[in-house]
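Residue strings, one per chain:
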Amino acid sequence: MNLQTFKAATMAEALTQVKSNMGSDAVILHTRTFYTRHWLGLRRREMVEITAGKGLNVGRRRFVAEPAPSAQPTRVTGGGLAAYRSGGGDRERALAPAGASRVGAGGGGAGRALMETPAATSAAMLSVSKEISDLKCLVKDLVTSNRQRQAPQVPEELVDYYVQLITNQVADELATDILKTLQKQVRPEHFSQPEFIREKLADQLEKLIPTAGPIVRTKATGPHVVALIGPTGVGKTTTLAKLAANLKLREKHRVGLITLDTFRIAAVDQLKRYADIIGSPLRVVNSGEELREAVKAMSDCDFLLIDTAGRSPKDTMKLNELRGLLSAVEPDEVHLVLSTTASEDSIELAVSRFSEVRVDKIIFTQIDETAHVGVVLNVVRKVNKSLSYITTGQDVPDDIEVGRGRRLAHLILGNSL
Ligand SMILES: Nc1nc2c(ncn2[C@@H]2O[C@H](COP(=O)(O)OP(=O)(O)O)[C@@H](O)[C@H]2O)c(=O)[nH]1
Ligand SMILES: [Mg+2]
């Protein structure tokens with residue numbers, strides 16, 4: 001008997017490993033989800049482990065009703081496979097050999113056998129989410145073909161590039177303009193050189209994205225004060241921690257943190273933990289007066305980063321309050337933090353409302369979670385603000401990059417992160 005264990009970030013990936021290493025008649029004996037800790041133990045990442053065997057003599061088990069596992073496939077990844085997320089802590093699903101399921105099952109009459117074991121339920125979930133993913137592809141094809149009908153008159157060979165832009169949600173007019181310009185730049189012999197065409201497209205896209213460069217201290221004395229503002233849950237505090245860690249640990253600056261987000265105890269705790277790890281002082285303030293005092297008290301720092309509570313763009317009173325608070329110190333830079341996963345309309349609303357507070361630059365978060373990087377391009381162009389940073393995951397301090405047009409251009413053209 002040959003037994004092997006496979007670990008991966010998702011059940012789908014682990015199953016793929018089982019299949020490719022052991023073949024389709026391998027038998028799942030045991031599945032387990034567990035967490036690994038990383039970045040000084042602050043973050044945890046869920047992993048899936050499958051133990052599979054080959055050459056086992058497995059009999060069929062009578063169907064026994066079992067409580068449904070609490071896990072739900074929650075999203076479909078780019079590759080069309082389900083990311084398998086559990087609700088709680090470590091969970092194990094051990095199987096008696098008699099309850100094992102065939103990895104290769106999933107088509108034809110295998111459905112019943114699949115439902116017989118908890119581990120097999122995972123595989124069944126996988127097949128359901130595969131169907132959902134297929135449906136999504138179908139809908140996308142329909143949408144794309146509909147939009148393609150209105151495609152600009154471009155040679156057949158360039159239509160794919162137009163489709164790439166619009167499926168990434170680059171605005172139609174912009175995509176049309178880009179393709180028209182491309183048409184003038186390329187000769188028929190270039191059609192067989194996709195890399196050449198992609199780089200020509202990247203040239204254009206890059207020029208369309210205004211970028212601000214990283215935060216730099218311009219003054220000789222006193223701290224350079226930076227505030228992050230934006231809607232709730234977009235990643236302000238996480239981004240602030242990433243910025244602080246990079247300024248302090250990588251660039252060796254003295255960095256102080258201030259939070260105006262005192263409404264939720266958890267919010268203060270979250271930043272306090274980051275401050276402790278980074279080794280930066282944190283001040284918690286409740287008023288403009290206290291903010292002014294905090295800035296004065298930490299005037300030996302090179303940078304002061306101010307975190308704020310999330311505000312709904314519709315809450316005029318709260319926005320006015322925020323403007324009042326910030327005006328007490330007049331920060332050197334105010335960055336509006338926006339999530340790429342939000343709809344373009346809500347992003348534009350946020351920009352317009354937060355501009356009443358003050359917006360110098362824009363940070364786009366959760367680039368790793370969006371299928372439509374083109375939104376970044378549309379927004380920065382439309383609102384005429386420049387992009388300072390993008391964030392690409394939950395890991396502090398690594399998942400942040402200075403916004404660069406070329407990088408975004410490549411993401412829009414389908415490069416992975
Ligand atoms: N996937 C992903 N998650 C992120 C990113 N930035 C922040 N988050 C997560 O978004 C959630 C909200 O972040 P938080 O910083 O508390 O948002 P805030 O309410 O704006 O301060 C947290 O779970 C973060 O880990 C990112 O770039 N990618
Ligand atoms: Mg926060």
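Structural notes, computed from the coordinates. Here the structure is a predicted model, which is why all the values come from computation and not from measurement.

## Thoughts on the nonpolar core
When a protein is soluble and globular, its nonpolar side chains tend to lie buried together.
Line of reasoning, step 1. Formed by 61 residues in total, the largest nonpolar core has its most connected members in L165, I229, I258, F364 and L408.
Line of reasoning, step 2. Once residues lying within four places of it in the same chain are set aside, the contact partners of I229 are K236, T308, L322, L326, V334, H335, L336, V337, F354, V357, R358 and V359.
Line of reasoning, step 3. One finds A245, V255, L271 and A275 within the second-largest nonpolar core, a separate group that totals 24 residues.

## Observations regarding the pairing of strand β13 (residues 361–365)
Successive residues of a regular strand alternate their side chains across the two faces of the sheet.
Line of reasoning, step 1. Counting buried positions along β13 yields five of five residues, so the element is predominantly enclosed.
Line of reasoning, step 2. Burial of β13 is two-sided: the residues K361, I363 and T365 facing one way and the residues I362 and F364 facing the other way are all buried.
Line of reasoning, step 3. Summarising the sheet, strand β12 (residues 333–339) and β13 pair through five bridges and their orientation is parallel. Within β13, the residue paired with L338 across the bridge is F364.
Line of reasoning, step 4. Examined bridge by bridge, β13 and strand β14 (residues 386–391) share four bridges and lie parallel to one another. Bridging across to β14, F364 finds its partner in I390.
Line of reasoning, step 5. In this fold, β13 hands off to helix α12 (residues 374–383), which returns the chain to β14; that crossover is right-handed.

## Observations regarding the site of ligand 1
Line of reasoning, step 1. Around ligand 1 there are 16 residues in total, and K236, T237, T238, D368 and T391 lie nearest to it.
Line of reasoning, step 2. At a separation of 3.1 Å, an oxygen atom of ligand 1 approaches a polar backbone atom of Q366.
Line of reasoning, step 3. Relative to its unbound accessible area of 580 Å², ligand 1 is 84% covered by the protein chains.
Line of reasoning, step 4. By residue number, the principal contributor to the shell around ligand 1 is helix α7 (residues 236–250), which donates four residues.
Line of reasoning, step 5. Partitioning the shell around ligand 1 into residue classes produces one nonpolar, 10 polar and five charged.

## Considering the side chain of N168
Line of reasoning, step 1. In this structure, N168 sits in the loop between α4 (156–167) and α5 (172–185).
Line of reasoning, step 2. On the basis of relative accessible area, N168 is assigned to the buried category, the value being 7%.
Line of reasoning, step 3. Side-chain polar atoms of N168 contact the backbone nitrogen of V373, separated by 3.1 Å.

## Description of the side chain of T259
Line of reasoning, step 1. For T259, the position within the fold is in strand β9 (residues 255–259).
Line of reasoning, step 2. With relative accessibility at 1%, the residue T259 sits in the buried group.
Line of reasoning, step 3. One polar contact links the side chain of T259 to the main-chain amide nitrogen of D261, over a distance of 2.9 Å.
Line of reasoning, step 4. Not counting residues within four places of it along the chain, the set of residues in contact with T259 comprises L271, L282, R283, V284, V285 and D307.

## Regarding the pairing of strand β8 (residues 224–229)
Line of reasoning, step 1. Burial of β8 is extensive: six of the six residues sit out of reach of the surface.
Line of reasoning, step 2. Of the two faces of β8, the one carrying H224, V226 and L228 and the one carrying V225, A227 and I229 are both buried.
Line of reasoning, step 3. In terms of strand pairing, β8 meets strand β11 (residues 303–307) through five bridges, oriented parallel. Note that in β11 the partner of V226 across the bridge is L305.
Line of reasoning, step 4. Direction of pairing for β8 relative to β12: parallel, over a ladder of four bridges. Opposite A227, over in β12, you have V334 as the bridge partner.

About the cut-offs
- Each chain has its residues counted from 1, running along the sequence as written.
- By the order in which they are written, chains take letters starting at A while ligands take numbers starting at 1.
- Where totals are concerned, whole chains, interfaces and linings use all residues; where local detail is concerned, this predicted model gives features only for residues with pLDDT of at least 70, and gives and counts side-chain atom pairs only at 80 or more.
- Hydrogens and waters are ignored; side-chain quantities use all the structure's heavy atoms.
- Residues grouped as a nonpolar core are buried Ala, Val, Leu, Ile, Met, Phe, Trp, Tyr and Cys residues, joined through side-chain atoms within 4.5 Å.
- Three labels apply to residues, based on accessible area from a 1.4 Å probe with only protein chains included: buried if under 20% of the type maximum, exposed if over 50%, partly exposed otherwise in between.
- Residue contacts follow a heavy-atom distance rule, with two residues in contact if any of their heavy atoms lie within 4.5 Å.
- Numbering goes from the N terminus for both helices and strands, where a helix is a DSSP run of H or I of at least four residues and a strand is a run of E of at least two.
- In this description, strands pair whenever DSSP reports at least two bridges between them.
- Here is how to tell: hold the view so the strands point away, follow the path from the first strand over the helix to the second, and if it runs clockwise the crossover is right-handed.
- If even one non-hydrogen atom of a residue comes within 4 Å of a molecule or strand, that residue is called near it.
- The definition of a polar contact used here is a pair of N or O atoms within 3.5 Å, where within protein one atom must be able to donate a hydrogen and the other to accept one, and adjacent residues in sequence count solely through side-chain atom pairs.
- Where accessible areas are quoted, they stem from the Shrake-Rupley method and a 1.4 Å probe; at the residue level, only the protein chains shown are allowed to cover.
- Nonpolar residues are Ala, Val, Leu, Ile, Met, Phe, Trp, Tyr, Cys and Pro. Charged residues are Asp, Glu, Lys and Arg, and all others, Gly as well, are polar.

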